[in-house]
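One-letter residues, chain by chain:
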Amino acid sequence: MTEFPITEASPVEHNTALPNHADVAIVGGGIIGVMTAYYLAQRGTSVVVLEKGRIAAEQSSRNWGWVRQTGRDAAELPIMVEANRLWQQLQRDTGEDLGLQQSGLTYLGQSAKDMAEFEEFVSLAKLHGVDSRILSGSEAGDLMPTASRSYLGALHTPSDFRAEPWIAVPRLARAALRQGAVLIENCAVRGLDISAGHIRGVITEQGRLSADQVLVAGGAWSSLLLRRHGVKIPQLSVKNTVLATVPVENVHNGGAADHILAFRRRQDGGYTLAPEGFHEVYIGPDAVRGMGKFFGPMMRSPFGRAYWPASPKGFPDAWGQRRRWALDGPSPFEATRVLNPAPHIKSVTKMLADFQQLFPQLGKISAQVSWAGMIDVLPDVVPIVDKVPDRPGLWVGTGMSGHGFGIGPAFGRILADMMCGQNAGHDMTRFRFARFGDGSKLVMGPGM
């Protein structure tokens, strides 16, 4: 089992020499980069994944481990239905244990507003053949018979999965390697190689890699790299704290969330806990520039986050972070190999207390490990998955807004097909790059 947290002290697994040329260079070894490489290599396309630190060391291994259709944006849902199928296929085809369990996911309702939102989603789910359904208060109680709280009702999707992020993504990376992809860790991309407006490849700390196309899938780091080349996206990074409990009695085999706490059964017999609706926002230059676009989503839950006046040193949007650098010298991506923010200690204490209060028969529970991750968020809380209109050969797959782990295999398949000149198989209008600058009205994704 891969040890967690994955940090820059973790052993380098992928240290192949940098080739001279690839059809596609991918910046970032998270779930989007890895799965795009998997499907490109499967099609016979030469592809190199370049990771400044370690595969899946940032948000791709720090998420809740939910593989959910429940509560998805209307444009994301058909893509997530495909992802649900692909996760099962990947576990079969790769022969890898990804920790995948079809144990269902549940949102617990505490108000009439919650129940109305659940009803709205069920109507959408039916259009796509998803088995989401409304549970009554007593049915929600039957799902978790030892819970101390009662609920008005719930939104439950039996066909949703849970998986183990820090196990799954590294194993999927090995599967991409077996398909023919090249993965290189500890190899930061310092910048894009652009000539006459066209992408020619990337400049890395190990030298130049010529490539016909480049995909930037750098998560929280994407905006910093793109802005260096005049490509601007309104991206904000928010911090979420998560913990893993020690193994305890099985009080619920799937994942569930109310307005206080999100929890998921893990393969090792413990639970992954996260505070529902609470994030930390660090104010930096990008946050200030994008404040107008982010005002709407922030007002949906103005007190559901903590605001800090400055990021720690080395964070992508820190006030002292370099925005310009020479491509023949060290870059910010080499200075911070793995973004490993400290967890919010009060949240850790509160989550344990909340979980113990919800399931008092468990008694005092200890945390096995706690961690935090920086979630790359866009103003409408859905990602960009598109080519950059005025930079031929440049693609962006970022701003997954905390949704990327579950939907990653499908977005990887879509990006691979689009980069090969094929149809995406879905309406990708919602995810277009230009939507923040073409005068379009911002359409918010769901709050669930």
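Residues numbered from 1 in each chain as written. Predicted model: local features only at pLDDT ≥ 70, side-chain atom pairs only at ≥ 80, totals over all residues. Heavy atoms only, no water.

Q: What should I look at first to understand the packing of helix 1 (residues 31–42) against helix 3 (residues 77–94) in this one?
A: How two helices pack is summed up by the angle between their axes together with the distance between the axes. Two elements in contact, helix 1 and helix 3, have axes whose closest approach is 14 Å; the angle formed by their N-to-C orientations is 65 degrees. Here helix 1 and helix 3 pass one another in a crossing that is left-handed. Judged by residue contacts, M35, Y38 and Y39 of helix 1 engage L86, L90, D93 and T94 from helix 3. Residues that form the contact of helix 1 with helix 3 fall into these classes: 5 nonpolar, 1 polar and 1 charged. (Axes fitted to C-alpha atoms, helices over the stretch in contact; angles between N-to-C directions. Helix = DSSP H or I, 4+ residues; strand = E, 2+ residues; numbered from the N terminus. Left-handed = near helix turned anticlockwise from the far one by under 90°. Contact = heavy atoms within 4.5 Å. Nonpolar A, V, L, I, M, F, W, Y, C, P; charged D, E, K, R; others polar.)

Q: What am I meant to see in the pairing of strand 14 (residues 261–265) here?
A: It is a general feature of regular strands that their side chains alternate between the two faces of the sheet. Counted residue by residue, strand 14 has 5 buried out of 5 residues, so it is predominantly covered. The two faces of strand 14 match: L261, F263 and R265 on one face and A262 and R264 on the other face are all buried. As paired strands, strand 13 (residues 255–257) and strand 14 are joined by 3 bridges and run antiparallel to one another. Across the sheet, A257 pairs through a bridge with A262, a residue of strand 14. The turn joining strand 14 and strand 15 (residues 271–275), which pair antiparallel and follow one another in sequence, is formed by 5 residues; a positive phi near 95 degrees is taken by G269. (Buried < 20%, exposed > 50% of the residue type's maximum accessible area, 1.4 Å probe, protein only. Pairing = 2+ DSSP bridges.)

Q: Just checking my understanding: could you explain the side chain of H344 for this structure?
A: Here H344 lies in the loop between helix 10 (332–335) and helix 11 (345–358). Taking the relative accessible area as the measure of exposure, H344 reaches 18% and is therefore buried.

Q: Help me out: how do you make sense of the packing of aromatic side chains in this one?
A: What describes a pair of aromatic rings is the distance from one ring centre to the other and the angle between the planes of the rings. Counted according to the given criterion, the structure contains 16 aromatic pairs. Note on F263 and F355: the rings are 5.6 Å apart at their centroids and 55 degrees apart in plane angle, and the pair reads as tilted. Placement of the pair is F263 in strand 14 and F355 in helix 11, with a sequence separation of 92 residues. For the pair F263 and F355, one class covers both residues: buried. With centroids separated by 5.7 Å and ring planes inclined at 75 degrees, the aromatic side chains of Y282 and F315 adopt a geometry described as edge-to-face. Of this pair, Y282 sits in strand 16 (residues 279–282) while F315 sits in the loop between strand 17 (305–308) and helix 10, and the two are 33 residues apart along the sequence. (Phe/Tyr/Trp six-rings, centres within 6.5 Å; stacked < 30°, edge-to-face > 60°.)

Q: In this structure, what is going on with the nonpolar core? I would like to understand it.
A: By size, the foremost hydrophobic cluster in this structure holds 52 residues, and its most contacted members are W87, F411 and M428. Among the elements of the structure, strand 1 (21–27), helix 1, strand 2 (47–50), helix 3, helix 6 (165–179) and helix 12 (404–419) are those that each provide at least two residues to this core. Sequence-distant contacts of W87, defined by excluding residues within four places in its chain, comprise V67, L98, L100, A163, A168, L172, F405, G406 and P409. Core analysis: the second largest hydrophobic core is formed by 38 residues, V27, L50, I233 and V396 among them. (Core = buried A, V, L, I, M, F, W, Y, C linked by side-chain atoms within 4.5 Å.)

Q: Sorry, what's going on with helix 1 here?
A: Since the α-helix advances by 3.6 residues per turn, residues separated by three or four positions end up pointing in the same direction. In this model helix 1 runs 16 Å from its N-terminal to its C-terminal C-alpha over 12 residues, within 8% of the 16 Å that 1.5 Å per residue would give. Counting buried residues along helix 1, 11 of its 12 residues qualify, which places the element largely inside the surrounding structure. Buried within helix 1 we find I31, I32, G33, V34, M35, T36, A37, Y38, Y39, L40 and A41. A positive backbone phi angle near 85 degrees is found at G44, which sits one or two residues after helix 1. (Expected span 1.5 Å × (residues − 1).)

Q: Explain the packing of helix 3 against helix 6 here, please?
A: As a packed pair, helix 3 and helix 6 sit with axes 11 Å apart at the nearest point and diverge in direction by 60 degrees. Taken together, the axis directions place helix 3 and helix 6 in an arrangement best described as oblique. As helix 3 runs across helix 6, the sense of the crossing is left-handed. Counted together, W87, L90 and T94 of helix 3 and A168, L172, A175 and R178 of helix 6 form the full contact between these two elements. Of the residues in the contact of helix 3 with helix 6, the class split is 5 nonpolar, 1 polar and 1 charged. (Parallel < 35°, antiparallel > 145°, perpendicular 65-115°, else oblique.)

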